[in-house]
Amino acid sequence: MAVINILDPHVADMIAAGEVVERPASVIKELMENAFDAGAKNITVELRGGGATYIRVTDDGCGMAPEDAGVAFLRHATSKLHDEKGLEAIQTMGFRGEALAAISAVSHVELRTRRRGDAGGTLVTLTAGEIQEMEPAGCPEGTTMIVRDLFFNTPARLKFLKSDRAEASACVQTALRCALGRPEVSVRLLRDGKEEFFSPGDGRQDSCVYTLLGRELASTLLPCKTADGGLRVSGFVSSPSAGRGSRSAQYFFCNGRTIRSQLLQAALEQAYKNTLLSGRFPACVLYLDLGYASVDVNVHPAKTEVKFSQEKQVFDLVYNAVRLALEQENRTAEVVPTAATRRLVEPKADFYRSMSAESFRANHYAVDKPRAAAAAPRVGAPRPSYGGSSPSSAVLRTPDYAEQTRLDLPVSPKVSPVSTDFGKTSPDFTTFPAKNVENPVQNVESAQEAPYKLLGEAMNTYILVESEGRLILIDKHAAHERMNFDRLKAMDRRITAQTLLEPIPLRTTPEDAELLEQNAALLQELGFELEPFGEDAWLLRAVPADMAAGDARAAAEEILEKLRSGKAPDAQSARDEILHTVACKAAIKAGWNTSDAERRHIAEAVLSGAVKYCPHGRPVSVVLSRRDLDKMFKRIV
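Residues numbered from 1 in each chain as written. Predicted model: local features only at pLDDT ≥ 70, side-chain atom pairs only at ≥ 80, totals over all residues. Heavy atoms only, no water.

Asks: I keep staring at the side chain of Glu 33 and nothing clicks. Help me out?
Replies: Looking at the element boundaries, Glu 33 is found in helix H2 (residues 24-37). Of the residues examined, Glu 33 reaches a relative accessible area of 2% and is grouped as buried. (Helix = DSSP H or I, 4+ residues; strand = E, 2+ residues; numbered from the N terminus. Buried < 20%, exposed > 50% of the residue type's maximum accessible area, 1.4 Å probe, protein only.)

Dropping the structure here:
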């Protein structure tokens, strides 16, 4: 009995359709590209129910003759390719002849088309790829394609579609990318009767970017343009000061086609090296124009992946174009904060700088010395491990601005010489009364009183400690980040949130919206309160109490990038990744002014052995022995 069967042509068509039509957004992409190839100057896209229920694409292109209208839905039927030589230099958006056949195989399709100059048009209706009706009809010049009930006959694919909101957002983003690649074509998109965007079609890249991406992003972009022989790069790249938390605002186009290219992405980000903060990504809209024979778009049915015959030349051209744009930026431009930011930050900063030590304590920003002494616990009394506050410990509280640490720190504890195994037991801290809080070096009068000497701080970044004949340099940010992370992770209750005075809007992609919905409960548990705001944005209304309001947007973008990159495959991993971000944003930063009590608290956590690495794996301290120093100074050989 034969084992191998030849599939029915209809089944084969449905299988092939899955390669081209993955979701409603794929339909919009294919139909818009057909309109571009038809020479359309105006395109209107309409969708309902996330696109799975209804999609309509209308253009004023060349239209089709009646004899072509019926043939267009056959597999491998195309007017853009005639022989194998055409594959060597593809000049059109489509060429495979599979899009219309794939779309019609899994939906109900209605086509109205009229060729320019003809007296009348043609109406064609299809169901599951089979023509049901074909007759003359009155219609304007151009083509109108209506797709209803996508995947009605393929339930296996239909059940994997996401929510209507997510699918509709994907359709909007796909149409936007197509419109962004063709500034000379006016594109209008309507979603459930409401206009989402409209591009002017005046052929200017700047007006196209401004109308489609918005003023906020466009105001941060720098013009970028260069050429080398037959290769040309033009478009816009973002200022280094406007780095983003993800790559979602990177748009690449090759000969008018939207593409994904790791080569172009690497060239872009390499150009920003040493100018962009770690973990931040540039935004861009880059148009690459080159000979059609120099690029192969026949790599994947979706035609978004390409191969370049001159990869090094393309890389260098993009890299040099971006570098030139960054070098020409006016680096003396004034950074103008918003009115809300000025009201929140400037009065507090000026107030703090003008205060003396006495007035600082008098206004209850710190505990004065008598209260601190009275509150100090008896020698040898147990106290909570680092990262928590205790009623028996003196507390420093600073205003909520750049130098704030947001930690309740003991004034003068000392660490027990008993070492502990990190992760198993808490460090055994003991405290002793402070003799001079203002100068911790003088606090340590003898080796019997403290096992270490706090020497101070270098470069507002590294705490210097002398202990048992060793010089220890501690990265205060890395150590404090680990302390925050361990404290947050050990909490068995919901993290306290602080409501923001002004909610922060976050623009999201369809994928980001799905991630936020899936992790909403976890984010709320960890102190982040978000709510949908329109179709493609969310409002961040609250953040963990330890986090400064100025870090809220960066934290949210960083969390989204971690969830998007797959670093959190399960709930526990997702929780840890979010806590990494919260701990980092709440930690003391390099360059901040740090009090003596804070330095001492961090130093003791490191010296106890409880803090060895930051949550990302970096060591928090470097130890130099007396022998190491003697060898550096050639005292010994």
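The structure having been displayed, the exposition proceeds.
Asks: Which parts of the structure should I look at to understand the confidence of the model for the chain?
Replies: In low-pLDDT segments, the atomic positions of the prediction should not be examined closely. When pLDDT is averaged across the chain, the result is 77; 73% of the residues are at 70 or more. Per-residue pLDDT stays below 50 along residues 340-450; that stretch engages in 185 contacts with residues further than four places along the chain or on separate chains. (pLDDT = per-residue confidence, 0-100. Contact = heavy atoms within 4.5 Å.)

Asks: Even after reading the chapter, I still don't get the pairing of strand S23 (residues 537-544), so can you show me in this structure?
Replies: Successive side chains on a regular strand alternate, one facing one side of the sheet and the next facing the other. The element S23 is largely enclosed, with a buried count of seven among its eight residues. Relative to S23, strand S21 (residues 497-507) runs antiparallel, the two being bridged by seven bridges. By the bridge assignment, Arg 507 is partnered in S23 with Ala 537. The antiparallel pairing of strand S22 (residues 529-532) with S23 creates a hairpin that spans four residues between the two strands, and Gly 534 there sits at a positive phi of about 80 degrees. (Pairing = 2+ DSSP bridges.)

Asks: Looking at this model, I keep getting lost on helix H20 (residues 596-607). Mind explaining?
Replies: At 3.6 residues per turn, the α-helix brings residues three or four places apart onto the same side. Under the 1.5 Å per step criterion, the end-to-end length of H20 is 16 Å for 12 residues, consistent within 8% with the ideal 16 Å. The buried fraction of H20 amounts to 11 of the 12 residues, a majority that puts the element mostly inside the structure. Three or more residues of H20 are buried, namely Asp 596, Ala 597, Glu 598, Arg 599, Arg 600, His 601, Ile 602, Ala 603, Glu 604, Ala 605 and Val 606. Of the residues trailing H20, Gly 609 is marked for its positive phi of about 90 degrees. (Expected span 1.5 Å × (residues − 1).)

Asks: Would you explain the nonpolar core in this entry?
Replies: Nonpolar side chains in soluble globular proteins tend to end up buried together. Membership of the largest hydrophobic core comes to 60 residues, with the highest contact counts inside it found for Ile 43, Phe 73, Val 147, Leu 180 and Phe 197. Ranked by residues supplied to this core, first place goes to helix H6 (residues 164-181) with nine residues. Phe 197 has contacts with Val 172, Ala 175, Leu 176, Ala 179, Val 187, Arg 188, Leu 189 and Leu 212, leaving out every residue within four places of it along the chain. (Core = buried A, V, L, I, M, F, W, Y, C linked by side-chain atoms within 4.5 Å.)

Asks: Hey, could you run me through empty space enclosed by the protein in this one?
Replies: By rolling a water-sized probe across the atoms, one finds the places where empty space is left. Summed over the entire model, instances satisfying the criterion amount to five cavities of 30 Å³ or more. Lining of the largest cavity is provided by Leu 506, Leu 516, Leu 523, Phe 528, Leu 530, Leu 540, Ala 556, Ile 559 and Leu 560. For the lining of the largest cavity, the leading source of residues is helix H18 (residues 552-564), giving three residues. Among the residues making up the lining of the largest cavity, the classes are represented as nine nonpolar, no polar and no charged. (1 Å grid on protein atoms, 1.4 Å probe; cavity = no way out; pocket = protein on both sides within 12 Å on 5 of 7 lines; lining within 4 Å. Points joined across faces, edges and corners; volume = space filled by probe spheres on them. Nonpolar A, V, L, I, M, F, W, Y, C, P; charged D, E, K, R; others polar.)

Asks: Would you explain the sheet that holds strand S11 (residues 250-254) in this entry?
Replies: Each strand in a sheet pairs with its neighbour through backbone hydrogen bonds, running either in the same direction (parallel) or in the opposite one (antiparallel). The strand order S9-S10-S13-S11-S12 describes an open sheet built from five strands, whose pairing is mixed. Looking at which strands have only one partner, the edges of the open sheet turn out to be strand S9 (221-228) and strand S12 (257-259). Across the sheet, the mean angle from the axis of one strand to that of its neighbour is 20 degrees, orientation sign disregarded. Across six bridges, strand S10 (residues 231-238) lies against strand S13 (residues 284-289) in antiparallel orientation. Looking at the pairing, Val 237 lines up with Cys 284 of S13. Across the sheet, helix H7 (residues 205-213) touches S9, S10, S11 and S13, and the angle it forms with S10 is around 40 degrees. (Axes fitted to C-alpha atoms, helices over the stretch in contact; angles between N-to-C directions.)

Asks: What exactly am I supposed to notice about H18 here?
Replies: Here H18 contains 13 residues, and its C-alpha end-to-end distance of 18 Å stays within 8% of the 18 Å for a straight helix at 1.5 Å per residue. The buried fraction of H18 is high, at 10 of 13 residues. Inspection of H18 places Ala 552, Ala 554, Ala 555, Ala 556, Glu 557, Ile 559, Leu 560, Glu 561, Lys 562 and Leu 563 among the buried residues, and these make up the whole buried set. The secondary structure elements touched by the buried residues of H18 are S21, helix H16 (510-518), helix H17 (520-525), S23 and helix H19 (571-586).

Asks: Whenever I open this one, the pattern of salt bridges confuses me. Can you help?
Replies: Pairs may arise between side chains of opposite charge once their charged atoms sit close together. Using the criterion set out here, one finds 28 salt bridges in the structure. Here Glu 110 and Arg 112 are joined by a salt bridge, their closest N and O atoms 3.2 Å apart. Judged by relative accessible area, which is 30%, Arg 112 ranks as partly exposed. Arg 487 is paired through a salt bridge with Asp 546; the nearest N and O atoms lie 2.6 Å apart. With a gap of 59 residues between them, Arg 487 in helix H15 (residues 476-490) and Asp 546 in the loop between S23 and H18 connect regions that are remote in the sequence. Across this residue pair, the class does not change: Arg 487 and Asp 546 are buried. Sharing partners across several salt bridges, the network here consists of Glu 457, Lys 476, Asp 596 and Arg 599. (Salt bridge = Lys/Arg side-chain N within 4 Å of Asp/Glu carboxyl O.)

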